[in-house]
Amino acid sequence: MPDWRNFGVMLRVLLGVNALAALAALVRAPDLAGWPAQFIDLASVVEPLMLIGLGLLSLVRDQLWRLRLRSGQACVLGLAASLAAALYGYAWSLALVDGGGVLRGVLLAVATTALLLLYFELRARALSPAQAEARLAALNARIRPHFLFNSLNAVLSLIRARPQQAEAALESLSDLFRAAMRDPAELVSLADEIALGRQYLELEQLRLGERLTVDWQIGQISLGLPIPPLMLQPLLENAVYHGIEPSPSGGTIRIEIARRGDELEIRIANPTAGRPAHAVGNQMALANIRERLALYYDLEARLESEVADHRYEVRIVLPCQRKHR
């Protein structure tokens, strides 16, 4: 059963219903010139029905999830039929339509809803948990070797010069290894992800010294919020590699985490050492994270980046609540 409150689901319903209305208008129109007028007439009936239906489905989403799949689908079909009959009856009471077409209107609404439910069911099977988990594992596997290799290099650089610090760094590295080997399908708490980011940056500070300054800005937010694993660390690694290492004087990495309404916003900014083009190397990590966000949240999460005023910034926006079924 789809998540009727998910933006991606709503968008697909809107596009699907309007596409079917456009095809129906093309069939009904006497010629291509009359197609837009036919589509507008159909849309004036279809759009209110669809928007009211989506609103009601979002309200009863949790109740539908408690039902068996076929029972839930039957309820959705019944809702579509009832709304079509009610809307047609209202139009008939205003003498806008004749009374003989109510059955046809109900059947069309049920058929359209059935096609959409079939699409969502087939899509859910195509994106089955096993396939999604396999894809997440593959995406995480691209991050792990590079991440662990860089962390190990940070420790190796200390062994001869500062053996006591190297010993402490090895303890942090073992924690990083454990975090990197987590099940990618499981969400982690925001607190765990922040702790992982802090440990990684502490290792880099041992290597880079005063050249690396870190500014954490964490707002009033629950640190127990669940988020996907390895969201911060690859971006922090890029910030060090592309923003701090190229500059002899180093710079500051700024991490801001705040809640904006029902969304969690994470911003990571670093200097570009006067060479904005150097940030192009970030794109592989960004593409990886974007794909993982799509697997976790569909269209409800986004990742954006910009270069301005010798500063490179990445922004991740996630929904604060993870759906449960």
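Let me sum up the structure you'll find in this document. Computed from a predicted structure; not experimentally measured.

Turning to the overall build of the chain, a few remarks are in order. In terms of regular secondary structure, the chain is built from 10 helices and seven strands. In the chain, which comprises 325 residues, the proportion classed as buried is 42%. Put simply, of all contacts in the chain between residues at least 6 apart along the chain, 72% involve residues at least 24 apart. Carbon together with sulfur atoms contributes 61% to the accessible area of the chain, which is approximately 17,400 Å² in total.

A few words on the packing of aromatic side chains. Inspection of the entire model under this criterion finds three aromatic pairs. Centroid distance Tyr296 to Tyr297: 6.2 Å. Interplanar angle 45°. Geometry classified as tilted. Here Tyr296 matches Tyr297 in class, with each residue buried. Every member of this aromatic cluster is reached through a ring pair, and the members are Trp4, Tyr119 and Phe120. In this structure, Arg198 packs its charged tip against the face of Trp216, placed 4.6 Å from the ring centre.

We now examine the sheet that holds strand β4 (residues 251–260). The five strands are arranged β2-β4-β5-β7-β6 in an open sheet whose pairing can be described as mixed. Among the strands making up the open sheet, the edge pair consists of β2 (212–218) and β6 (302–308). Going across the sheet, the axis of each strand differs from the next one's by a mean of 15°, ignoring polarity. Pairing between β2 and β4: seven bridges, direction parallel. By the bridge assignment for β4, Val214 is matched with Ile253. Here helix α9 (residues 232–244) sits on the sheet in contact with β2, β4, β5 (263–271) and β7 (311–319), set at roughly 20° to β5.

Strand direction decides the pairing type here: β6 and β7, joined by seven bridges, are antiparallel. For Ala308, the partnering residue across the bridge sits in β7 and is Arg311. From the end of β6 to the start of β7, which pair antiparallel, there are two residues, and Asp309 there has a positive phi angle of about 50°.

So, on to the environment of Cys75. In this fold, Cys75 is placed in helix α4 (residues 69–93). With 11 residues separating them in the primary sequence, Cys75 and Leu64 have C-alpha atoms 7.9 Å apart. Once residues lying within four places of it in the same chain are set aside, the contact partners of Cys75 are Leu64 and Leu67.

Moving on, we come to a nonpolar patch on the surface. A grouping of Leu20, Leu23, Leu26, Leu32, Trp35 and Leu115 is seen on the molecular surface, where their side chains present a nonpolar patch of about 560 Å² in accessible area. Ranked by residue count, the leading element in the nonpolar patch is helix α1 (residues 7–28), at three residues. Relative to the helices and strands, Leu20 is located in helix α1.

Backbone geometry at Leu230 places phi at a positive 55°, although glycine is not the residue there. With respect to the helices and strands, the residue Leu230 is situated in the loop between β3 (226–227) and α9. Given a relative accessible area of 2%, Leu230 falls into the buried group.

Basis of the calculations
Residues numbered from 1 in each chain as written. Predicted model: local features only at pLDDT ≥ 70, side-chain atom pairs only at ≥ 80, totals over all residues. Heavy atoms only, no water. Helix = DSSP H or I, 4+ residues; strand = E, 2+ residues; numbered from the N terminus. Buried < 20%, exposed > 50% of the residue type's maximum accessible area, 1.4 Å probe, protein only. Contact = heavy atoms within 4.5 Å. Areas by Shrake-Rupley, 256 points an atom, 1.4 Å probe, with all protein chains shown as cover. Phe/Tyr/Trp six-rings, centres within 6.5 Å; stacked < 30°, edge-to-face > 60°. Lys NZ or Arg CZ within 6 Å of the ring centre and 35° of its normal. Pairing = 2+ DSSP bridges. Axes fitted to C-alpha atoms, helices over the stretch in contact; angles between N-to-C directions. Patch = residues over 30% accessible without salt bridge, like charges linked within 9 Å, V, L, I, M, F, W, Y side chains within 5 Å. Salt bridge = Lys/Arg side-chain N within 4 Å of Asp/Glu carboxyl O.

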